[in-house]
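Observations on chain architecture
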Amino acid sequence: MKLYYAPVTCSLSPHIVLRELGLPFELVRVDNRKKMTQDGRDFMTINPKGYVAALELDDGTILTEGPAILLYLVDLVPHTDLAPPTASRERYRLQEWLAFVNSEIHAGLAPLFDASLPAAAGERFRAKIRKRFDYLEGVLARQDYLMGERFGVADAYLYTVMDWCRLFAIDLAHWPALSRYSERIGARPAVREARDAEGT
Ligand SMILES: N[C@@H](CCC(=O)N[C@@H](CS)C(=O)NCC(=O)O)C(=O)O
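Residues numbered from 1 in each chain as written. Predicted model: local features only at pLDDT ≥ 70, side-chain atom pairs only at ≥ 80, totals over all residues. Heavy atoms only, no water.

On to the packing of helix α5 (residues 153-162) against helix α6 (residues 176-186), then. Here α5 crosses α6 at 110 degrees, and the two axes come no closer than 10 Å. Considering their axes alone, α5 and α6 lie roughly perpendicular with respect to each other. The residues of α6 that touch α5, namely those facing Ala154, Asp155, Leu158, Tyr159 and Met162, are Leu178, Tyr181, Ser182, Ile185 and Gly186. (Axes fitted to C-alpha atoms, helices over the stretch in contact; angles between N-to-C directions. Helix = DSSP H or I, 4+ residues; strand = E, 2+ residues; numbered from the N terminus. Parallel < 35°, antiparallel > 145°, perpendicular 65-115°, else oblique. Contact = heavy atoms within 4.5 Å.)

As a further point, take the pairing of strand β2 (residues 26-31). Judged from the four bridges that link them, strand β1 (residues 2-5) and β2 form a sheet pairing that is parallel. Residue pairing across strands places tyrosine 5 opposite arginine 29, the latter belonging to β2. Chirality of the crossover, the property in question, places the unit of β1, helix α1 (residues 12-21) and β2 among those that are right-handed. The turn joining β2 and strand β3 (residues 36-37), which pair antiparallel and follow one another in sequence, is formed by four residues; a positive phi near 60 degrees is taken by lysine 35. (Pairing = 2+ DSSP bridges. Right-handed = clockwise from strand over helix to strand, strands pointing away.)

All right, on to the side chain of threonine 80 then. By the element assignment, threonine 80 lies in the loop between α2 (66-75) and α3 (89-109). Only 3.0 Å separates the side chain of threonine 80 from the backbone nitrogen of leucine 82, close enough to count as a polar contact. Not counting chain neighbours up to four residues away, the residues in contact with threonine 80 comprise Leu21 and Val74. (Polar contact = N/O pair within 3.5 Å; in protein donor to acceptor, adjacent residues only side chain to side chain.)

The next point concerns the domain arrangement of the chain. In terms of domains, the chain is made up of domain 1 (2-80 + 190-198) and domain 2 (89-188). The C-alpha-based centres of domain 1 and domain 2 are spaced at 20 Å. Listed per partner, the contact involves 17 residues of domain 1 and 21 residues of domain 2. Taken together, both faces of the contact between domain 1 and domain 2 bury some 1,600 Å²; the carbon and sulfur share is 66%. Looking at the side of domain 1 facing domain 2, the largest losses of area belong to Val8, Leu71 and Arg195, adding up to 28% of the total buried there. Arginine 188 is paired through a salt bridge with glutamate 20; the nearest N and O atoms lie 2.7 Å apart. Summed over the shared surface of domain 1 and domain 2, the result is eight residue pairs in polar contact (both at pLDDT 80 or more). Residue assignment for the side of domain 1 that touches domain 2 shows that the elements contributing at least two residues are α1, α2 and α7 (189-198). Residues belonging to the side of domain 1 that touches domain 2 are distributed by class as follows: 11 nonpolar, two polar and four charged. (Domains from an automatic or database assignment. Buried area = accessible area lost by both parts, 1.4 Å probe. Salt bridge = Lys/Arg side-chain N within 4 Å of Asp/Glu carboxyl O. Nonpolar A, V, L, I, M, F, W, Y, C, P; charged D, E, K, R; others polar.)

Below, the discussion takes up the layout of surface pockets. Space inside the largest pocket adds up to approximately 410 Å³. If you trace the largest pocket, you find 19 residues lining it, with Thr9, Cys10, Tyr51, Val52 and His106 closest to the centre. Counting residues per element, the ones that place at least two in the lining of the largest pocket are α1, α2 and α3. Counted by class, the lining of the largest pocket contains 11 nonpolar, seven polar and one charged residues. Counting contributing residues per domain, the lining of the largest pocket is built from domain 1 (2-80 + 190-198) and domain 2 (89-188), each supplying no fewer than three. Size it by volume and the second largest pocket reaches roughly 270 Å³. Ala6, Pro7, Thr9, Arg29, Val30, Asp31, Asn32, Arg33 and Phe113 are the residues that line the second largest pocket. Among the residues making up the lining of the second largest pocket, the classes are represented as four nonpolar, two polar and three charged. (1 Å grid on protein atoms, 1.4 Å probe; cavity = no way out; pocket = protein on both sides within 12 Å on 5 of 7 lines; lining within 4 Å. Points joined across faces, edges and corners; volume = space filled by probe spheres on them.)

Structure, rendered in structure tokens:
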């Protein structure tokens, strides 16, 4: 498998999960501005949507969209702790969390990368994110991870996108449980290895 990634983006979450699962993979860096891969290919021919993450399977199939990639990866490894079994009640809870992280946190923070965003609009996005973090603070004050007491794929995703807060003057110290959660995940060997490999 090949993971097309760019540093400081959402592709860190499947990268972490590949390492957590001990799966063999190759990293291919993408220049997100030029839409070129490090080996000189036009990234638009790999993912015509023009964004990371993209996972190339051994038969050449390309899979995109972070939550789909995460679920694909966990299903490669039977009985992993990173996700509940397919079709179990808890699996739908996991999908609920992946949808929340994708649409509320990832998509909520993404506009702040746009340097031309008017300040007032930026403040509205920040205010909405703060509400979502207030909600997450309540959850993570009661349990260590989104699905309970075990780290899973939704945590790899939330950790990845929450990490952008340092770029956007959103101080996680306002949410002590969320800060401890981020530190806990950041200390995992697979997370450190993934970040080292990406140079972040
Ligand atoms: N809907 C996609 C969005 C992926 C996405 O937002 N990728 C960003 C990095 S976090 C990107 O590569 N953006 C480059 C661009 O849109 O030009 C997903 O959920 O995986």
